[in-house]
Amino acid sequence: MKLTVREDPELLAQRLRALQKLKQEKVKVGLPESAGGRLHFILAVQEHGSPLMRIPARPVVRPALANPETRSAVAEELRSAVQAAWEGEDPREHLEAAGQAGADGIRAYIDSNIPPPNSPVTVNGGWIYNRAARKSVYVKGKGFNKPLFDTGALYDAFGYEIEE
């Protein structure tokens with residue numbers, strides 16, 4: 001018995017191009033460059049904390065992306081991207097879905113009330129001593145107790161970018 005396998009050279013070339021393109025693309029999840037310097041500063045302070053401003057560290061991006069549910073959703077979309085590239089299709093749709101799954105995972109992590117909880121002054125307002133200005137100042141409270149959420153600007157800015 002003799003078995004001969006023939007591959008379509010055009011399909012093979014198309015697969016190779018798609019896999020090369022996939023190899024060059026990166027999905028970055030978090031705050032995109034377009035978010036601006038102010039939001040990047042706020043995220044850095046939240047991630048690492050600030051003893052001067054009495055803000056405890058509340059890491060959000062890495063723990064959110066390490067969540068098994070988020071990792072599973074992102075991995076599934078990346079598998080689909082590789083499968084699409086192997087079939088000669090454009091994997092961009094699946095890469096975008098993987099980025100969106102990561103950004104949604106970050107928002108879900110924030111919604112789950114990241115510890116430690118806000119201080120009573122942050123929630124209700126009151127007088128605090130500002131160490132930087134060396135004077136007492138009145139702080140208006142947020143009115144609700146949800147860490148990492150004030151105006152929603154940082155929360156809404158989480159997204160993804162696909163780099164080539």
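Whatever comes next refers back to the structure up there.
All residue numbers refer to positions counted from 1 along the written sequence of the respective chain. pLDDT decides what is reported in this predicted model: residues at 70 or higher carry local features, side-chain atom pairs at 80 or more are listed and counted, and totals for whole chains, interfaces and linings draw on all residues regardless. The side-chain numbers reported here are obtained from all heavy atoms of the structure, hydrogens and water having been left aside.

To continue, consider the nonpolar core. The set of buried Ala, Val, Leu, Ile, Met, Phe, Trp, Tyr and Cys residues whose side-chain atoms join them within 4.5 Å is what this entry labels a nonpolar core. Any residue under 20% of the maximum accessible area for its type is buried, any over 50% is exposed, and the rest in between are partly exposed; the area is computed with a 1.4 Å probe on protein chains only. Counting residues in each nonpolar core, the largest one holds 14 residues, and the members touching the most others are Leu 31, Leu 43, Val 60, Ile 106, Ile 110 and Phe 158. Where this core is concerned, the elements lending two or more residues are helix H2 (37–48), helix H3 (61–66), helix H5 (92–111) and helix H7 (153–157). Here this core takes 3 residues from H7, the largest share from any one element. In this structure Leu 43 touches Leu 31, Val 60, Val 61, Leu 154 and Phe 158, once residues within four positions along its chain are discounted. The next biggest cluster of nonpolar side chains, apart from the first, holds 6 residues, and it includes Ala 18, Ala 85, Leu 95 and Ile 162. The way it works is that DSSP assigns letters per residue, a run of H or I at least four long becomes a helix, a run of E at least two long becomes a strand, and they are numbered from the N terminus. By the convention used here, residues are in contact when the closest approach between their heavy atoms is within 4.5 Å.

Our next topic: the pairing of strand E3 (residues 135–140). Strand direction decides the pairing type here: strand E2 (residues 125–130) and E3, joined by 6 bridges, are antiparallel. Looking at the pairing, Asn 130 lines up with Lys 135 of E3. By the convention used here, strands pair only if DSSP detects at least 2 bridges between them. Between E2 and E3, which pair antiparallel one after the other, the connecting turn spans 4 residues, and Arg 134 there sits at a positive phi close to 55°.

Attention shifts here to the layout of surface pockets. One number sums up the size of the largest pocket: a volume of about 1,100 Å³. Any residue with an atom within 4 Å of a point lines the site, the site being either a cavity, points on a 1 Å grid over the protein atoms alone where a 1.4 Å probe fits but cannot get out, or a pocket, an open set with protein on both sides within 12 Å along at least 5 of 7 lines. Together, 35 residues line the largest pocket, and Gln 46, Ile 55, Thr 122, Lys 142 and Asp 150 are the ones closest to its centre. If you list the elements that add at least two residues to the lining of the largest pocket, you get H2, helix H6 (120–124), E2, E3 and H7. By residue number, the principal contributor to the lining of the largest pocket is H2, which donates 6 residues. Ten residue types, Ala, Val, Leu, Ile, Met, Phe, Trp, Tyr, Cys and Pro, are classed as nonpolar, four, Asp, Glu, Lys and Arg, as charged, and the remainder, Gly among them, as polar. Across the lining of the largest pocket, the residue classes tally to 20 nonpolar, 8 polar and 7 charged. Grid points are joined across faces, edges and corners, and a volume is the space filled by probe spheres set on the points.

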